[in-house]
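Structural features, examined
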Amino acid sequence: MSGLLFQNIEKKFGSVVAAREVNLHLPHGKFVCFLGPSGCGKTTLLRLVAGLETPSQGRILLDDEDITRTPAHKRNFGMVFQSLALFPHLSVGENVAYSLRIRKIDKATQRQRIAELLDLVQLSGLVDRHISQLSGGQRQRVAIARALAIEPRLFLLDEPLSALDAKLREEMQLELRMLQQRLGITTILVTHDQREAMTMSDLVVVMGPDNRVHQIGSPLEIYRNPSDTFVADFIGTSNLIECTCTGAKEVQVGDTLLEVAEMPAGVSRGTPVILSVRPESIHVLPFIEKGKNRFHGRVAFVRDVGSSVEIYLDCDGLPLTSQSTPKGRPDVAQGDDATAVLPPESCIVLKS
Ligand code: ATP
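This is a predicted model, so every value here is computed, not measured.

Attention shifts here to the sheet that holds strand S2 (residues 16-26). Taken in spatial order, the four strands of this open sheet run S2-S1-S4-S5, and their pairing is antiparallel. Two strands in the sheet have a free side with no partner beyond their single neighbour: S2 and strand S5 (65-66). As judged from the two bridges shared by strand S4 (residues 57-62) and S5, these two strands associate in the antiparallel manner. Bridging across to S5, Leu61 finds its partner in Asp66. Contacts from helix H1 (residues 42-50) reach strand S1 (4-13), S2 and S4, with the element oriented near 120 degrees to S1.

Shown next as structure tokens:
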């Protein structure tokens, strides 16, 4: 099978299980993010790919070749760490050429490659500058150029943008994504920032606090169809409502019946389930309206942040959050009676 394959990977450090039962297929040319909260095993998984750790169990294959025990320096992968690990006493050009020098590439080829790479990361003209004379974003680009110098088979990034301020970070995210698309290089980025993962990736691998992979899919698939309550809560925000299955496509919460998109396999009448509904899917009516998929309540708070409006409802003790654009803003104020409408197609049922 072409691409990177994890077969039943487990990594233990003494009694700590850093990654368990990881089975993944990452096709070539994709931008993949390993996403999850601190300690879920993202970095460990990346280090296993890089050859900086060996798994306690399982195999890693690249294009059918078993690389589980191939030493890191023989894998030909490019890596950028959070610390960047640039050589401060060397110039930009010398940093970028480092791995070429080790590989004893001739000087003329080195010069040409440095020029190409600096052009690629928009640092032409800074070849003789010292690392200490660069801005955070420029250092970032040097680290990227240095990792790409060897024309790696895989490009691995461990939270390289986390030290940058918010604006520069967003600029670098865009630059990195465009660079990856131009080169078509298979890239894995470790991040705990769900916005970063959602905006940059073709594929997101969501890992949970139990050090397992919970879901792999495109950002939209994961957002629209989270596999469980952890993913629904970790990716964006979600209204999670405890309810009971009452029919093939129906659940009940208190006296309210709700038609849902579909019922997960293995859930029968009477089974407790969790309903996940995104805030932007909930419509608020400025009056009481009875019927299916409707909750009556009172507006507890309105938060208007300019680009969006959030309405917090208290529906007889059930808190619901709705989000709308300024144009679609419901005509309600704090303390008003209101109805929350949850469209069936946006009601995702998860096993509890
Ligand atoms: P973060 O976002 O905080 O970097 P992470 O998801 O990348 O977290 P890992 O660094 O992969 O998580 O760590 C996973 C688990 O393995 C943690 O409990 C961590 O303490 C443990 N761990 C990682 N490396 C080692 C090690 N060398 N020795 C012992 N335990 C380790």
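For helix H3 (residues 107-120), with 14 residues, the first-to-last C-alpha span of 20 Å sits near the 20 Å given by 1.5 Å per residue. Of the positions making up H3, those classed as buried are Gln110, Arg113, Ile114, Leu117, Leu118 and Leu120. Around the axis of H3, the buried residues are gathered within 145 degrees of arc, so they sit on the same side. Exposed positions of H3 whose direction lies more than 90 degrees from the buried face are Arg111, Gln112 and Asp119. For H3, the secondary structure elements touched by its buried residues are helix H2 (92-102), helix H4 (136-148) and helix H5 (166-183). Directly after H3, the chain includes Gln122, whose backbone phi takes a positive value near 60 degrees.

What follows concerns the domain arrangement of the protein. Where interface size is given, it is often the accessible area lost as the parts come together that is meant. Taken domain by domain, the protein consists of domain 1 (4-230) and domain 2 (237-351). Of the residues lining the interface, eight residues belong to domain 1; the matching set on domain 2 comes to seven residues. When domain 1 packs against domain 2, the two sides together hide about 610 Å² of surface, and 56% of this comes from carbon and sulfur. By the criterion of area lost to domain 2, the three top residues of domain 1 are Tyr223, Pro226 and Thr229, representing 77% of everything that side buries. Linking domain 1 with domain 2 are zero salt bridges, by the criterion used here. The interface formed by domain 1 and domain 2 holds two residue pairs in polar contact (both at pLDDT 80 or more) in total.

With that out of the way, let us pick up the packing of aromatic side chains. Applying the stated criterion across every chain yields a total of four aromatic pairs. Summarising the aromatic geometry, the rings of Phe87 and Tyr98 are spaced 4.5 Å apart at their centres and angled 50 degrees between planes, so their arrangement reads as tilted. With Phe87 in the loop between strand S6 (77-80) and H2 and Tyr98 in helix H2, the pair connects residues that are eleven residues apart, well separated along the chain. Overall, the relative accessible area of 24% leaves Phe87 in the partly exposed class. Taking relative accessible area as the criterion, Tyr98 reaches 31% and is therefore assigned partly exposed. Taken together, a centroid distance of 6.2 Å and an interplanar angle of 45 degrees make the contact between Phe301 and Tyr312 tilted. Taken together, the positions of Phe301 in strand S16 (residues 294-304) and Tyr312 in strand S17 (residues 309-315) put the pair eleven residues apart, joining distant regions of the chain. Take Phe301: its relative accessible area is 41%, and that puts it in the partly exposed class. Among the residues examined, Tyr312 registers a relative accessible area of 27% and is labelled partly exposed. The positively charged end of Lys11 is found above the aromatic ring belonging to Phe13, 5.1 Å away from the centroid. One Lys or Arg, Arg278, reaches over the ring of Tyr223 and ends 3.9 Å from the middle of that ring.

Reading guide: rules and limits
Residues numbered from 1 in each chain as written. Predicted model: local features only at pLDDT ≥ 70, side-chain atom pairs only at ≥ 80, totals over all residues. Heavy atoms only, no water. Pairing = 2+ DSSP bridges. Helix = DSSP H or I, 4+ residues; strand = E, 2+ residues; numbered from the N terminus. Contact = heavy atoms within 4.5 Å. Axes fitted to C-alpha atoms, helices over the stretch in contact; angles between N-to-C directions. Expected span 1.5 Å × (residues − 1). Buried < 20%, exposed > 50% of the residue type's maximum accessible area, 1.4 Å probe, protein only. Arc of directions from axis to C-beta. Domains from an automatic or database assignment. Buried area = accessible area lost by both parts, 1.4 Å probe. Salt bridge = Lys/Arg side-chain N within 4 Å of Asp/Glu carboxyl O. Polar contact = N/O pair within 3.5 Å; in protein donor to acceptor, adjacent residues only side chain to side chain. Phe/Tyr/Trp six-rings, centres within 6.5 Å; stacked < 30°, edge-to-face > 60°. Lys NZ or Arg CZ within 6 Å of the ring centre and 35° of its normal.

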